[in-house]
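# Structure assessment
If you want the building blocks of each chain, they are given just below.
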Amino acid sequence: MTTLGQRDRRPEALGSLSVLPDETICVLLEYLAPRDIANLACVSSVMYILCNEEPLWMSLCLRRAKGPLEYKGSWKKTTLHLEGVAQENDAYRKPFHFDGFMSMYLYKRFYRCNTSLDGFSFDDGNVERRRDISLDEFSKEYDAKKPVLLSGLADSWPASKTWTIDQLSEKYGEVPFRISQRSPNKISMKFKDYISYMKTQRDEDPLYVFDDKFGEAAPELLKDYSVPHLFQEDWFEILDKESRPPYRWLIVGPERSGASWHVDPALTSAWNTLLCGRKRWALYPPGKVPLGVTVHVNEDDGDVSIDTPSSLQWWLDYYPLLADEDKPIECTLLAGETIYVPSGWWHCILNLEPTVAVTQNFVNKENFGFVCLDMAPGYHHKGVCRAGLLALDDENSEDLENETHDEDDNTLSYSDLTRKEKRIRMNGGGETENQEEDANAVSKRYNMWKNGFSYNIDFLASFLDKERDHYNFPWSMGNSVGQREMRAWLSKLWALKPEMRELIWKGACIALNAEKWLRCLEEVCTFHNLPFVTEDEKLPVGTGSNPVYLLSDYAIKLFVEGGLEQSMYGLGTELEFYDILGRADSPLRTHIPEVLESGILFFEKGSYKVVPWDGKRIPDIISSSNFDFDASMLNSEFPFGIWNKTLREHRNQGKPAPDSFGSLSSHVWPYIITKRCKGKIFAQLRDDLTWNDAQNLASFLGQQLRNLHLLPYPPVTRPELLNVNAVHEELNIPAEWKVFVDALCQKKKDVTSRLENWGNPIPRALMTKIDEYIPDDFFVDLLHVFKDTNDGDEIKPCTWIHSDIMDDNIHMEPFADDSVDGQHNSWRPSHILDFSDLSIGDPICDLIPIYLDVFRGDADLFKKLLESYGLPLIRSRSPENGTTKTTDSTRKKVLCPSYRTMCYCILHEENST
C-alpha cells in the first residue's frame with residue numbers, strides 16, 4: 001500500500017520475506033539478538049524501518065534486563081547500554097526516512113503509541129455507585145455477586161493526601177519497585193527512574209509499577225492505608241508469611257498503561273482504591289470471554305494462560321465492534337473511590353492519566369468454594385469457570401454445536417486442536433481484517449453463554465474430573481499456593497474456624513476429594529477396631545504428599561502419591577527397612593514411630609475390603625490381576641523392597657514413571673498405622689525454639705543419622721543393576737556404589753530440562769556451564785573413589801538414605817527444664833518421621849536437606865550435627881595402584897565434600913536451591 005505515484009519498495013526490500021505480513025516479521029525479529037538486529041537493519045530500507053521500531057527494542061531490552069533498570073530515553077539506547085555498546089552523539093546522526101512504504105500494522109501501533117486520551121469521551125459508566133454502605137448490605141447485595149463502586153472508604157487514609165506522583169517520588173525516589181511487563185524476568189526500577197521513564201515514554205503498552213512486595217521495600221507505605229471494613233475477612237491471612245500467596249499491590253502507571261483482560265488468580269475477589277488520577281474499567285461476568293481474548297487451559301495440569309491485546313488496543317480496536325448488548329459493564333474510577341471486583345469476573349483497566357492505586361485480593365466465606373475449585377486437579381472446570389460452556393469438549397457440547405454454523409479458524413470450536421491444550425477464544429488474535437465478522441460470531445456465542453451457564457459452585461463442580469486426584473496428578477504452576485500449602489491451609493481453617501466447618505468441608509471435598517479419603521480412613525479404623533473418627537479428625541493433616549490422619553493415639557497414612565505402583569514400592573521398602581531395623585536392634589528404633597499395622601485397602605464389587613500386608617509377599621489383589629512379575633521379584637523376601645524399587649527408578653530415569661498397576665490405582669490403596677507422637681513437628685516450632693533447643697536438635701539429628709547410616713542394608717540382588725557400567729567389572733568397586741553412580745549419570749542426561757522446569761529456574765548463563773562443572777569424567781572419578789574397597793575400610797560407600805529429613809518430618813515433644821520448677825518451657829526432638837522415600841546412596845545426600853531446610857544454612861548448627869554424627873563422610877585416600885599422578889590429582893576434586901554436595905544438588909530431581 002503506497003501513496004499515489006510512488007513505487008512500493010516492500011517487495012524488493014524484503015525479497016522472499018515479502019510474503020509474510022509485517023506483524024509476523026516483527027514477531028520473528030524479537031527472537032534475534034540486538035547485534036543481529038543492528039546488522040539486519042543495514043540490509044534494506046524496509047528492514048531498516050522494521051529493525052528500528054521502539055516496541056521491538058523494548059521487547060529485546062526487557063528480555064535481557066535483570067535487577068534495577070534505568071531508562072535511557074529510548075528502548076534502543078537502553079538496550080545498547082545494557083549490551084555495553086558505546087553510542088554516538090545523536091546530534092550528528094539523523095534517522096533515515098524512506099518513501100514508498102506503508103504498513104497498516106505499523107501505523108496502528110504508531111497511533112497507539114502516540115495517542116492522547118484527553119480527547120476521548122468516557123461517561124460515568126453503568127456500575128452501581130454507593131456510599132456509606134454497611135457490611136450487611138454489602139454482603140447481601142454485592143459480595144461474590146456483582147461489582148460496585150464505593151466512595152468514602154479512603155477518606156481517612158493518609159494516602160489520600162500523600163500518594164501523589166511528586167510526593168512519592170520525593171520520599172521513595174531511591175527505592176526500587178517491581179515493574180509489570182510481559183517478560184519472564186523480574187524487573188525493578190528505582191522510583192525516580194520510573195517517574196523519569198513515565199514522563200518521557202511513548203510506548204504502546206507502557207510499563208507500570210505493580211509491586212506485591214512494596215510493604216517490604218517501603219514499610220512506611222503500609223501505614224498510609226488500612227483495609228476497608230467491608231473487606232477485613234481474608235482466609236489466606238492464617239497462612240505463614242512464606243506460604244501466603246501475593247495479595248496486595250502498589251500500582252503506579254502513566255496514561256495509556258493498564259491491565260489487559262484477566263480473571264484474578266485463584267478466583268479470589270479484590271478491591272482497588274484509586275488515590276490519584278482516573279482509570280477506565282470494563283468488566284464481564286464469569287464465563288463471558290471478551291472479544292479478542294484467548295483462554296488456554298493445559299490438559300495435563302490445568303494451568304491457565306490468557307492471550308489478550310493490551311488494554312489500549314482493546315478499547316481502540318475491539319470495543320467499537322461490539323453491539324450494545326455485548327458491551328461490558330463500565331465505569332470511570334476517580335481519585336478516592338474504590339471498586340469491588342467479585343470472584344471470577346473478567347476485567348480490564350486503562351489509565352486515562354497518571355495514576356496511583358492500591359489493591360488487595362482476598363478469600364472469604366462467599367468465594368471460598370470457588371478458590372478451592374480452582375485448585376482442584378483437572379482442566380474442564382477451570383475452562384468452564386472462565387469461558388462458560390464454550391470450554392467443553394466437543395463430545396460434551398453437542399447441543400451447543402447444533403446452535404453453531406459455519407465454523408472456521410476464528411470461531412470458538414476447537415475440535416481441530418491438540419488434546420494437550422484447549423483454547424477458548426473470541427477471535428484468532430492479532431491484527432486481522434475480519435474483526436467485524438468475529439464480533440458477529442461473538443454475539444451468537446454470547447447468547448449461548450446466557451443459556452445454561454451459572455457461576456454457582458455446585459454447577460461448576462459438576463465439571464470436575466472424578467478420575468483425577470489431588471495427591472497423584474500434576475499441580476498447576478499457576479496456582480496461587482503450592483499443593484502442600486493448600487492442604488495445610490485447609491487444615492488450619494478446620495481448626496481455627498469450627499463455626500464454618502460445613503463450608504470448609506465442602507471446599508475440601510472439591511479440592512482434596514476429602515470425602516473419599518475419609519471413607520477409606522473409616523474402613524481402616526473399622527477393620528482394626530480403632531476409635532471412630534471425630535469431627536476434629538476428619539481432614540488430613542501435615543504437608544506430606546499422601547493423606548495422613550491423626551486420631552487419638554494413632555497416625556494413619558494412606559499411600560496415594562504417584563499411583564499404586566509407586567505407593568506399593570514406598571510402603572514395601574519402608575516395611576523392609578523396619579524389619580531390618582528390628583533385627584539389628586538399632587537405637588534408632590526408639591526414635592521412629594512404632595508400627596502397629598499395615599495393609600491394603602481396596603474397593604471391590606461395591607464394598608471396601610482390607611487385607612493386612614507386612615511387605616513379604618505380593619498381595620492377592622495385585623498378583624491376581626494378570627500383571628507380569630519376573631522371577632527375581634517373585635522370589636524376593638520383600639518383592640517391593642529397596643532393590644526392586646531402585647530397578648524401577650533406573651528403568652524410568654529421565655521420563656515420567658508409568659503406573660503399571662494403573663487399572664487398580666483408582667481403587668487400591670496401601671496404608672500404615674503407627675503410634676501417634678505427642679507434641680508438634682519442628683515446622684510449627686521453628687520460630688519458638690531457644691538456641692539451646694536448636695543445638696539439642698542438631699545433636700539429636702547427628703546421632704540418629706549415625707544410627708541410620710550404620711544400619712545394614714540388603715545386598716544388591718537384581719542382575720540388571722549389577723550389569724551397569726560393565727566396563728568397570730575388573731575393578732573391585734562395591735555393587736551398590738556402582739548403582740548409585742549410574743543413577744547420577746542417568747540424571748545428568750536430562751538435567752537441563754529439569755532445571756528449566758523448576759519454579760525458580762537457574763539463570764541460563766549458569767545452566768550452560770553445567771557440563772563444564774559436572775563433566776562426564778566426574779562419574780568415572782566418582783566410581784574410582786571406592787576402587788579396591790575391602791571390609792576393613794574406614795568408610796562404607798553407601799548407606800540407607802532417608803532422603804527427606806526436613807522440618808515437617810522431625811517431631812518434638814515438650815519437656816520441663818529442672819531449673820524452672822518443673823514447668824514445660826522447652827522442646828526436645830523425639831522422632832524422625834516418614835521413611836517411604838528410602839534409598840541407598842552416599843550418606844552426604846542426607847545432610848543436604850538438613851543443612852538447607854532444617855538449619856537454613858546455619859554453619860554452627862551443622863558443625864554441632866557433625867560432632868555428634870562422628871562418622872567419616874568421604875574416603876580420605878584414593879588407591880594408588882594403577883593410577884598416574886595426573887589421574888590421582890584429577891580425582892582429588894571428587895573427594896572434596898563441598899564439590900560433591902553441589903553436584904548432588906544440581907542432579908537432584910527437585911529444586912534444591
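Residues numbered from 1 in each chain as written. Predicted model: local features only at pLDDT ≥ 70, side-chain atom pairs only at ≥ 80, totals over all residues. Heavy atoms only, no water.

- Per an unreviewed UniProt entry, the chain goes by F-box protein and derives from Arabidopsis arenosa.
- Heading Sequence similarities (unreviewed entry) of the UniProt record for the chain holds this comment: "Belongs to the JARID1 histone demethylase family."
- What the UniProt record of the chain gives under Cofactor (unreviewed entry) is the line "Fe(2+)". (UniProt positions renumbered as here; feature names shortened; annotations may be inferred.)

### Thoughts on the overall build of the chain
- Scanning the chain from terminus to terminus reveals 39 helices and 26 strands.
- Within the chain, contacts between residues separated by at least 24 positions form 76% of all contacts whose residues are at least 6 apart in sequence.
- In the form shown here, the chain has an accessible surface area of approximately 41800 Å², with 50% of it arising from carbon and sulfur atoms. (Helix = DSSP H or I, 4+ residues; strand = E, 2+ residues; numbered from the N terminus. Contact = heavy atoms within 4.5 Å. Areas by Shrake-Rupley, 256 points an atom, 1.4 Å probe, with all protein chains shown as cover.)

### A closer look at the pairing of strand 6 (residues 208-211)
- Pairing of strand 4 (residues 176-180) with strand 6, which is carried by two bridges, proceeds in the antiparallel orientation. Across the sheet, the residue bridging to isoleucine 179 is valine 209, located in strand 6. (Pairing = 2+ DSSP bridges.)

### Digging into the nonpolar core
- Core analysis: the largest hydrophobic core is formed by 86 residues, its most contacted members being Phe577, Ile622, Leu701, Trp737 and Trp800.
- Ranked by residue count, the leading element in this core is helix 22 (residues 564-584), at nine residues.
- Judged by nonpolar contacts, the second largest core, of 81 residues, contains Leu29, Ile133, Leu150 and Ile187. (Core = buried A, V, L, I, M, F, W, Y, C linked by side-chain atoms within 4.5 Å. Buried < 20%, exposed > 50% of the residue type's maximum accessible area, 1.4 Å probe, protein only.)

### Focus on the packing of helix 34 (residues 777-784) against helix 39 (residues 897-907)
- Two numbers describe how helix 34 lies on helix 39: the axes approach to 13 Å, and their chain directions differ by 125°. What the angle tells us is that helix 34 and helix 39 run oblique. In this structure, helix 34 crosses over helix 39, and the sense of that crossing is left-handed. Residues Phe778, Phe779 and Leu782 of helix 34 form the contact with helix 39, whose own contacting residues are Tyr899, Arg900, Cys903, Tyr904 and Leu907.
- Taken together, the residues of the contact of helix 34 with helix 39 break down into seven nonpolar, no polar and one charged. (Axes fitted to C-alpha atoms, helices over the stretch in contact; angles between N-to-C directions. Parallel < 35°, antiparallel > 145°, perpendicular 65-115°, else oblique. Left-handed = near helix turned anticlockwise from the far one by under 90°. Nonpolar A, V, L, I, M, F, W, Y, C, P; charged D, E, K, R; others polar.)

### Here's the deal with the packing of helix 22 against helix 25 (residues 642-651)
- Taken N-terminus to C-terminus, the directions of helix 22 and helix 25 make an angle of 150°; their axes are 9 Å apart at the nearest point. Where helix 22 crosses over helix 25, the two elements pack in a sense that is left-handed. Contacts from Glu565, Gln566, Tyr569, Thr573 and Glu576 of helix 22 reach helix 25 at Ile642, Asn644, Lys645 and Arg648.
- Broken down by class, the residue content of the contact of helix 22 with helix 25 amounts to two nonpolar, three polar and four charged.

### Some words on unusual backbone geometry
- With phi around 60°, alanine 266 is a residue other than glycine that occupies positive phi space.
- Among the structural elements, alanine 266 can be located in the loop between strand 7 (248-253) and strand 8 (269-276).
- Of note, the phi angle at asparagine 529 is positive, near 55°, even though the residue is not glycine.
- Positionally, asparagine 529 belongs in the loop between helix 21 (514-527) and strand 17 (548-550).

### Brief notes about the sheet that holds strand 21 (residues 668-675)
- Reading across from one edge, 17-18-21-19-20 is the order of the five strands in this open sheet, with antiparallel pairing throughout. A single partner strand is all that each edge strand has here, and the edge strands are strand 17 and strand 20 (607-612). Here the strands of the sheet are splayed against their neighbours by 25° on average, with no regard to which way each runs.
- Two strands pair when backbone bridges link them, and strand 19 (residues 595-604) and strand 21 are joined in this way by seven bridges, in the antiparallel orientation. Of the residues in strand 21, the one forming a bridge with phenylalanine 602 is valine 668.
- Against the sheet, helix 22 makes contact with strand 19 and strand 21, and its axis sits at roughly 30° relative to strand 21, the strand it touches most.

### Observations regarding the sheet that holds strand 9 (residues 278-284)
- Sheet architecture is open: three strands sit in the order 12-9-14, paired in antiparallel fashion. Each edge of the open sheet is held by one strand with a lone partner, namely strand 12 (329-334) and strand 14 (346-351). Going across the sheet, the axis of each strand differs from the next one's by a mean of 20°, ignoring polarity.
- On top of the sheet, helix 13 (residues 311-318) reaches strand 9, strand 12 and strand 14; it is set at about 95° to strand 14, its chief contact.

### Considerations on the pattern of salt bridges
- Counted according to the given criterion, the structure contains 47 salt bridges.
- For glutamate 174, the salt bridge is made with lysine 190, and the minimal N-O distance between the two is 3.3 Å. Placement of the pair is glutamate 174 in the loop between helix 10 (165-172) and strand 4 and lysine 190 in strand 5 (residues 187-190), with a sequence separation of 16 residues.
- Glutamate 174 sits in the partly exposed class, given a relative accessible area of 47%.
- Lysine 190 gets classed as partly exposed once you look at its relative accessible area, which sits at 30%. (Salt bridge = Lys/Arg side-chain N within 4 Å of Asp/Glu carboxyl O.)

### Concerning the side chain of aspartate 193
- If you trace the backbone, aspartate 193 turns up in helix 11 (residues 191-200).
- This buried residue, aspartate 193, is left without a salt bridge; lysine 192 holds the nearest opposite charge, at 5.3 Å.
- Excluding residues that lie within four positions of it along the chain, aspartate 193 makes contacts with Leu69 and Glu70. (Lys, Arg positive; Asp, Glu negative; His and termini not counted.)

### Concerning helix 10
- Taken together, the buried positions of helix 10 are Ile165, Leu168 and Tyr172. Buried residues along helix 10 cover an arc of 70° about the axis, so they all sit on one side. Exposed residues pointing more than 90 degrees away from the buried face of helix 10 are listed as Asp166, Glu170 and Lys171.
- Those residues of helix 10 hidden inside the fold are in contact with helix 9 (159-162), strand 4, helix 11, strand 7 and strand 15 (355-362). (Arc of directions from axis to C-beta.)

### Details of the confidence of the model for the chain
- Across the chain, the average pLDDT comes to 86, with 85% of residues at or above 70.
- Note on residues 397-421: pLDDT under 50 across the span, and 47 contacts to partners over four residues away in sequence or across chains.
- With pLDDT under 50 throughout, residues 879-887 is counted as low confidence; its partners more than four residues away or in other chains account for five contacts. (pLDDT = per-residue confidence, 0-100.)

### Some thoughts on a nonpolar patch on the surface
- Taken together, the side chains of Met102, Met104, Tyr107, Phe110 and Tyr111 present a nonpolar region at the surface, about 510 Å² in accessible area.
- Position of tyrosine 107 relative to the elements: it lies in helix 7 (residues 104-114). (Patch = residues over 30% accessible without salt bridge, like charges linked within 9 Å, V, L, I, M, F, W, Y side chains within 5 Å.)

### Section: the pairing of strand 13 (residues 337-341)
- In terms of burial, strand 13 is a largely internal element, five of the five residues being buried.
- What you see with strand 13 is no split at all: Glu337, Ile339 and Val341 on one side and Thr338 and Tyr340 on the other are buried throughout.
- Judged from the four bridges that link them, strand 3 (residues 148-151) and strand 13 form a sheet pairing that is antiparallel. The residue of strand 13 that forms the bridge with leucine 150 is threonine 338.
- Of the strand pairs in this sheet, strand 8 and strand 13 are connected by four bridges, and their pairing is antiparallel. Among the inter-strand pairings, threonine 273 is bridged to a residue of strand 13, identified as threonine 338.

### Side note on the packing of aromatic side chains
- Per the stated rule, a full pass over the model turns up 50 aromatic pairs.
- Among the aromatic residues, those joined into a cluster by ring pairs are Phe138, Tyr142, Trp157, Trp163, Tyr225, Phe231, Trp271, Tyr340 and Phe362.
- Across from the ring centre of tyrosine 247, 3.4 Å away, lies the NZ or CZ of arginine 244, which sits over that ring.
- Just above the ring of tryptophan 505 sits the side chain of lysine 538; from NZ or CZ to the centre is 4.3 Å. (Phe/Tyr/Trp six-rings, centres within 6.5 Å; stacked < 30°, edge-to-face > 60°. Lys NZ or Arg CZ within 6 Å of the ring centre and 35° of its normal.)

### Quick word on the side chain of serine 45
- In this fold, serine 45 is placed in helix 4 (residues 45-51).
- Here the side chain of serine 45 touches arginine 9 through a polar contact of 3.0 Å, side chain to side chain. (Polar contact = N/O pair within 3.5 Å; in protein donor to acceptor, adjacent residues only side chain to side chain.)

### A short note on the environment of isoleucine 672
- Within the fold, isoleucine 672 resides in strand 21.
- Spatially, the C-alpha atoms of isoleucine 672 and leucine 575 are 9.3 Å apart, while their sequence positions differ by 97 residues.
- Residue contacts for isoleucine 672: discarding those within four places in its chain leaves Ala555, Ile556, Lys557, Phe559, Leu571, Glu574, Leu575, Tyr578, Val595, Glu597 and Ser598.

### Let's talk about the environment of arginine 130
- With respect to the secondary-structure elements, arginine 130 resides in strand 2 (residues 129-131).
- For the pair arginine 130 and valine 148, spaced 18 residues apart in the sequence, the C-alpha separation amounts to 7.2 Å.
- Beyond its immediate sequence surroundings of up to four residues, arginine 130 is in contact with Glu137, Glu141, Tyr142, Val148, Leu149, Leu150 and Ser151.
- Side chain to side chain, arginine 130 and glutamate 137 meet in a polar contact 3.2 Å long.
- Within the structure, the side chain of arginine 130 is placed 3.0 Å from the side chain of tyrosine 142, a separation counted as a polar contact.

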